Amino acid sequence: MTQVVEMARLMQGNEAVAEGALVAGVRFFAGYPITPSTEIAEIMAERLPRMGGKFIQMEDEIASLAAVIGASLAGVKSITATSGPGFSLMQENIGFAAMAEVPCVIVNVQRSGPSTGMPTAPAQGDVMQARWGTHGDHPVIVLSPSSVREAYDLTVRAVNLAEKYRVPVVLLLDEVIGHLREKVILPAPGELEIVNRKGPGVAPAGYLPYRPDETGVPPMANFGDGYRYHVTGLAHDELGLPTNNPEVAEQLLLRLHEKINRNLDDIIMDDSMHLEDAGVVVLAYGATARSAGRAVREARNSGIKAGLYRPLTLWPFPARRVAAVAEKVHTIIVPEMNLGQYRLEVERVVGDRDRVRGVNRVNGELITPGEILALLREVV
Amino acid sequence: MMQELEKYLRRDRFPHMWCPGCGNGIVLGCLLRAIKKLGLEQDKTIIVGGIGCSSRAVGYLDFNTLHTTHGRALAFATGIKLARPELNVIVVTGDGDATAIGGNHFIHAARRNIDLTVVLFNNNIYGMTGGQYSPLTPANKKATTAPHGTIEPVFDVAELARAAGATFVGRSTTYHTNLLTSLIAGGIENKGFSLVEAITACPTNFGRRNKMKGGAEMLLWQRDNAVHVQKTKQMSPGELEGKIVIGLLHKKETPEYTFVYDQIIARAREESGPGTLTPLKGGESRGRTE
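No experiment lies behind these values; they were computed from the predicted model shown.

## Comments concerning the overall build of chain B
Along chain B, the regular secondary structure elements total 11 helices and nine strands. Over its C-alpha atoms, taken along the principal directions, chain B stretches across nearly 85 × 45 × 40 Å. Split into buried and exposed, the 290 residues of chain B put 56% on the buried side. Put simply, of all contacts in chain B between residues at least 6 apart along the chain, 68% involve residues at least 24 apart. Summed over its atoms, the accessible surface of chain B is roughly 12900 Å², and 53% of this surface lies on carbon and sulfur atoms. The average position of the 34 basic charges and that of the 26 acidic charges among the side chains of chain B differ by 5 Å.

## A word on the interface of chain A and chain B
The interface of chain A with chain B comprises 56 residues on the first partner and 53 residues on the second. Summed over both sides, the interface of chain A with chain B buries roughly 4800 Å², with 54% coming from carbon and sulfur. Contact with chain B buries surface across chain A, with Arg50(A), Lys54(A) and Arg228(A) losing the most and accounting together for 16% of the total. Along the contact surface separating chain A from chain B lie five salt bridges. Residues Asp62(B) and Arg228(A) are paired through a salt bridge, measuring 3.1 Å at the closest nitrogen-oxygen approach. Our count for the contact surface shared by chain A and chain B stands at 24 residue pairs in polar contact (both at pLDDT 80 or more).

## Quick notes on helix H6 (residues 148-165) of chain A
All names here are of chain A. Over its 18 residues, H6 extends 25 Å from the first C-alpha to the last, a length consistent with the 26 Å expected when each residue adds 1.5 Å. The buried fraction of H6 is high, at 15 of 18 residues. Between the side-chain oxygen at the start of H6 and the backbone nitrogen of Glu150 there is a gap of 3.0 Å, and the oxygen is on Ser147. Among the residues trailing H6, Arg166 stands out with phi positive, at a value near 50 degrees.

## Quick word on unusual backbone geometry
Here the bond from Gly113(A) into Pro114(A) is cis, since omega is 0 degrees, no more than 30 degrees from zero. Its location among the elements puts Pro114(A) in the loop between strand E6 (104-112) and strand E7 (118-122). Between Trp315(A) and the following residue, Pro316(A), the backbone shows a cis peptide bond with an omega angle of -5 degrees. You will see that His274(A), though not glycine, has its phi angle at about 60 degrees, which is positive. In this fold, His274(A) is placed in the loop between strand E12 (270-273) and strand E13 (280-283). Not every positive phi belongs to a glycine, and Lys211(B) is a case in point at roughly 55 degrees.

## Looking at the packing of aromatic side chains
In this structure the tally under the stated criterion is 14 aromatic pairs over all chains. Ring geometry for Tyr8(B) and Phe63(B): centres 5.7 Å apart, planes at 10 degrees, overall stacked. Taken as a pair, Tyr8(B) in the loop between helix H1 (2-5) and helix H2 (24-38) and Phe63(B) in the loop between strand E1 (45-49) and strand E2 (64-67) lie far apart in primary sequence, 55 residues in all. In this structure an aromatic cluster arises from ring pairing among Tyr207(A), Phe223(A), Tyr227(A) and Tyr229(A). The side chain of Lys54(A) reaches across the aromatic face of Tyr261(B), ending 5.7 Å from its centre. Against the face of Trp132(A) rests Arg131(A), its NZ or CZ located 3.9 Å from the ring centre.

## Here's the deal with a nonpolar patch on the surface
A cluster of nonpolar residues, Phe259(B), Val260(B) and Ile264(B), forms a patch on the protein surface that exposes about 240 Å² of accessible area. Within the secondary structure, Phe259(B) sits in helix H11 (residues 257-272).

## Considering the domain arrangement of chain B
All names here are of chain B. Here chain B is partitioned into domain 1 (3-254) and domain 2 (257-290). Of note, the centres of domain 1 and domain 2, computed from C-alpha atoms alone, are 42 Å apart. Listed as interface residues are six residues of domain 1 and, on the opposing side, four residues of domain 2. Summed over both partners, the interface of domain 1 with domain 2 buries about 450 Å², with 75% contributed by carbon and sulfur atoms. Considering only the side of domain 1, the residues that lose the most area to domain 2 are Leu82, Pro85 and Arg112, jointly responsible for 71% of the buried surface there. Linking domain 1 to domain 2 there are one residue pair in polar contact (both at pLDDT 80 or more). When its residues are assigned to classes, the side of domain 1 that touches domain 2 shows three nonpolar, one polar and two charged.

## Observations concerning the nonpolar core
Counting 158 residues, the largest nonpolar core has Met44(A), Val107(A), Leu376(A), Val48(B) and Phe193(B) as the members making the most contacts within it. For this core, the leading source of residues is H6(A), giving 10 residues. The contacts of Val107(A), once residues within four sequence positions are left out, are Val17(A), Ile40(A), Ile79(A), Thr80(A), Ala81(A), Thr82(A), Leu171(A) and Leu173(A). Core analysis: the second largest hydrophobic core is formed by 35 residues, Ala34(B), Ile90(B), Val119(B) and Ile188(B) among them.

## Regarding the pairing of strand E9 (residues 168-174) of chain A
Residue and element names in this part refer to chain A. Here E9 lies mainly inside the structure; seven of its seven residues are buried. The two faces of E9 match: Pro168, Val170, Leu172 and Asp174 on one face and Val169, Leu171 and Leu173 on the other face are all buried. Where E6 lies against E9, seven bridges are found, and the strand directions are parallel. Residue pairing in the sheet places Asn108 in a bridge with Leu172 of E9. Taken together, strand E8 (residues 141-143), H6 and E9 constitute a β-α-β crossover, and its handedness is right-handed.

Parameters at a glance
- Residues numbered from 1 in each chain as written.
- Chains lettered and ligands numbered in written order.
- Predicted model: local features only at pLDDT ≥ 70, side-chain atom pairs only at ≥ 80, totals over all residues.
- Heavy atoms only, no water.
- Helix = DSSP H or I, 4+ residues; strand = E, 2+ residues; numbered from the N terminus.
- Buried < 20%, exposed > 50% of the residue type's maximum accessible area, 1.4 Å probe, protein only.
- Contact = heavy atoms within 4.5 Å.
- Areas by Shrake-Rupley, 256 points an atom, 1.4 Å probe, with all protein chains shown as cover.
- Lys, Arg positive; Asp, Glu negative; His and termini not counted.
- Charge placed at Lys NZ, Arg CZ, Asp CG, Glu CD.
- Buried area = accessible area lost by both parts, 1.4 Å probe.
- Salt bridge = Lys/Arg side-chain N within 4 Å of Asp/Glu carboxyl O.
- Polar contact = N/O pair within 3.5 Å; in protein donor to acceptor, adjacent residues only side chain to side chain.
- Expected span 1.5 Å × (residues − 1).
- Phe/Tyr/Trp six-rings, centres within 6.5 Å; stacked < 30°, edge-to-face > 60°.
- Lys NZ or Arg CZ within 6 Å of the ring centre and 35° of its normal.
- Patch = residues over 30% accessible without salt bridge, like charges linked within 9 Å, V, L, I, M, F, W, Y side chains within 5 Å.
- Domains from an automatic or database assignment.
- Nonpolar A, V, L, I, M, F, W, Y, C, P; charged D, E, K, R; others polar.
- Core = buried A, V, L, I, M, F, W, Y, C linked by side-chain atoms within 4.5 Å.
- Pairing = 2+ DSSP bridges.
- Right-handed = clockwise from strand over helix to strand, strands pointing away.

Right, here's the structure in full:
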């Protein structure tokens, strides 16, 4: 009996995002060139037409996300990719996608900011913008990979979650993960779960476009398929038509959050190492988690009972899991390439600021394992 | 006639939100007459609006309708049309929506010659926010943000669209409804980017501040100041001063964006197939070994 073995392959993070999107069924990309995300657009421009899909370079990032939302409404899985400045421009339409419940994925390969900053240097300064960038209380899902293989997997997952929960999903890379090349062995196509949006399941006459089913998510009819309805960013009723009725508006807003909050176990993904007997834990995501992993291994080698907790889903914040980790350790160290954006959230959950320590950099350079290791030694 | 148009309306949404004397209902009537005239399939016709009084029209229409963010209707519509080229996509927008906040999308959609039909309701003012001047408010007019009179010159939006690459450009007024209907129908039939500028009255927020008494007087003003493009050839520049030129202003044949795109897809599929992974430089992209 012969065994089929996938050969290992050298792949870049941005390339893994593009390939993951294609495997997940994405057939529409609209974007605008920006370092350090441009490879994603370039690969999509090359590959999509060969697969019958569409790539379009729009006039700016505002238009890019608008086109993505339009294509998604027409029934095509859609994605865009950008970096900080472009991500800022997309914020209004991210809110539109959240309010009108249009599945879409926004890849943000973070670079140093604010403003033009250092375009080729990594940062993790968009963590809070990814959560709160658009105005109003809105649901959002944010995923952050730490390796090329994870970039691939989380892109597939991002598309799946967008389709399943009808939300904008942000895939937050940083320049290091976007441009990192490393060995990957990709899963065979059949091994991946691919989720498609749930269709109406009733005749057009009985279809209420914004009435949720038992999961809290309304089944979605695609434009042009015979279900005529209205889509708006205004507060709307179950028909999708605008309303100023406070009760209807409140029900809508609460449901938009509820569909995420009641499915946290499905949405939240994480990873950990040596938590069983750890007295101190490093909580890290993205490229910083690679340095954190190395620091934890070296600490272990020198007899420090250190552990690593790695949220792959940054938002919604894995509050219960972080609280459970915090119960067993005296200190949580949160290294980030920002001035402590995610640490704020960890402090909120731990409730004791003295037990949460940061290692922070905003100079466009990676945090080294040595810096984290030094703090691990200090706190024990 | 009205009864025949009723099937295109979400009748339970009436009364509409527009002020007495507003011309938007007239433009909407012309759009529906054009849709009826062409026999467009309701299930295959998408109507997209931006933000503002005119864009609210989409909420009253029984199609797949999309009410977007301010200025961005054309970018949303571009996504729909490119994803599903077989659908008819019509955009309703206003002067502020299309030429101020959405100006960039307007010129680029025209440049691409993507098959969208834009009905631009030009009431010379931001009506919904209470009468601020727009890029199409004529100079020396009053607005809440120009209490001493406007300084800025206006765009000639038809000329802007033509220069950017639109393949069908027309203008009419809410007085000249037959012309407006036939121009909208012509724009929908045109395979490419079409602009129909509809001069419409906002008595509440433009007329009232600019010595125009009401909707009826503003319609008469349109009657008296519009000149059909065919008549302009016999007129001197002095005679044309301050006149609105109406009619079909520009038409040309240029390949349409989604049509060309489909040819590219056909060629890419034939020449290279779907592929598996992007090839690595100088090596095999992926292999299987037994």
